[in-house]
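Observations on the model geometry
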Amino acid sequence: MDFLQLLSCACIIFTVGMFTTGLTDLKKMKATQSADNVQFLPFLTTCLNNLGWLYYGLLKGDGTVISVNIIGAFLQTLYIITYCHYAKDKRRVFSQTLAMVSVLCVGWVYFTVVIPSGEAQLSQLGLACSVFTISMYLSPLADLLDIVRNKSVERLSFSLTVATFFTSTSWTLYGLQLGDYYIMVPNTPGIFTSIIRFFLFWWFGAVIPNKPSYKLIQI
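Model, not experiment: these values are computed from the prediction.

1. Details of the packing of helix 3 (residues 41–60) against helix 6 (residues 119–138)
It is the contact of helix 3 with helix 6, at a shortest axis distance of 10 Å, that shows an interaxial angle of 155°. Looking at the two axes, helix 3 sits roughly antiparallel to helix 6. With respect to the hand of their crossing, helix 3 and helix 6 are arranged in left-handed fashion. Residue-level contacts link Thr45, Thr46, Leu48, Asn49, Gly52, Trp53, Tyr55, Tyr56, Leu59 and Lys60 of helix 3 to Gln121, Leu122, Leu125, Gly126, Cys129, Ser130, Phe132, Thr133 and Met136 of helix 6. For the contact of helix 3 with helix 6, the class distribution of residues is 10 nonpolar, eight polar and one charged.

Written out as structure tokens, the structure reads:
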């Protein structure tokens, strides 16, 4: 097995592992018969991101990108359906889902009808997917500022931070190995935001009263 194949396996394992963290929310919704304490928007944005990268993988013929995002889109769709079933405010959920479907349809028309097939189509789709992925990685920065102000890491998941770090690192190295900057660049912010979270766990985890630091690895 060469280095590229090793990176491909790492990308699949770590990314699928990160996607399955949503199963915790799914179990919570089934147990409580409610979706009140679960965020819906991350399911939608991740599903949209998966479908965009799936299209990119199909155009490029990249089996790793295709495999990961098929699994991701399937899991996010499962989470969305479960949330819709248990949500009380179904009108809000329907409107947000409709907005995502509208964006998806507009994007599909643009990249398949307006943009001619070939290198231009692949590069513009890669750029769009990259910008969307970067925005998803940077969106929690506001929460990190709240954590700094409150001096508490209770809102952070250590296991998800670890998964994000290894997933981002794997995809960055994979993109670098392929010479594909559309894969490499958008995953780089995930490495830095994960390092910031690790620092916050170390810094504020040590000052939480009556909470030993070793507890952090059991989240």
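2. Considerations on the packing of helix 6 against helix 9 (residues 181–205)
For the pair helix 6 and helix 9, the least separation of the axes is 8 Å and the interaxial angle reads 5°. The pairing of helix 6 with helix 9 is recorded here as roughly parallel in orientation. The segment helix 6 lies against helix 9, with Ser123, Gly126, Leu127, Ser130, Thr133, Ile134, Tyr137 and Leu138 engaging Tyr182, Pro186, Asn187, Pro189, Gly190 and Thr193. Broken down by class, the residue content of the contact of helix 6 with helix 9 amounts to seven nonpolar, seven polar and no charged.

3. Things to note about the UniProt feature "transmembrane region" (unreviewed entry) in the protein
Summarizing the sequence annotation, UniProt attributes the feature "transmembrane region" (unreviewed entry) to residues 6–26, 38–58, 64–86, 98–116, 122–144, 156–176 and 188–208 in the numbering used throughout. Between the end C-alpha atoms of residues 38–58 the distance is 32 Å, and the span holds 86% helix and 0% strand.

4. Description of the packing of aromatic side chains
Taken as a whole, this structure holds 14 aromatic pairs when the rule is applied. Each ring, one from Trp53 and one from Tyr56, has its centre 5.3 Å from the other, and the planes form 85°; the classification is edge-to-face. Linking Trp53 with Tyr56, this pair stays in helix 3, spanning three residues, or about one helical turn. The exposure class assigned to Trp53 is buried, which follows from its relative accessible area of 8%.

So, how was this worked out
Residues numbered from 1 in each chain as written. Predicted model: local features only at pLDDT ≥ 70, side-chain atom pairs only at ≥ 80, totals over all residues. Heavy atoms only, no water. Axes fitted to C-alpha atoms, helices over the stretch in contact; angles between N-to-C directions. Helix = DSSP H or I, 4+ residues; strand = E, 2+ residues; numbered from the N terminus. Parallel < 35°, antiparallel > 145°, perpendicular 65-115°, else oblique. Left-handed = near helix turned anticlockwise from the far one by under 90°. Contact = heavy atoms within 4.5 Å. Nonpolar A, V, L, I, M, F, W, Y, C, P; charged D, E, K, R; others polar. UniProt positions renumbered as here; feature names shortened; annotations may be inferred. Phe/Tyr/Trp six-rings, centres within 6.5 Å; stacked < 30°, edge-to-face > 60°. Buried < 20%, exposed > 50% of the residue type's maximum accessible area, 1.4 Å probe, protein only.

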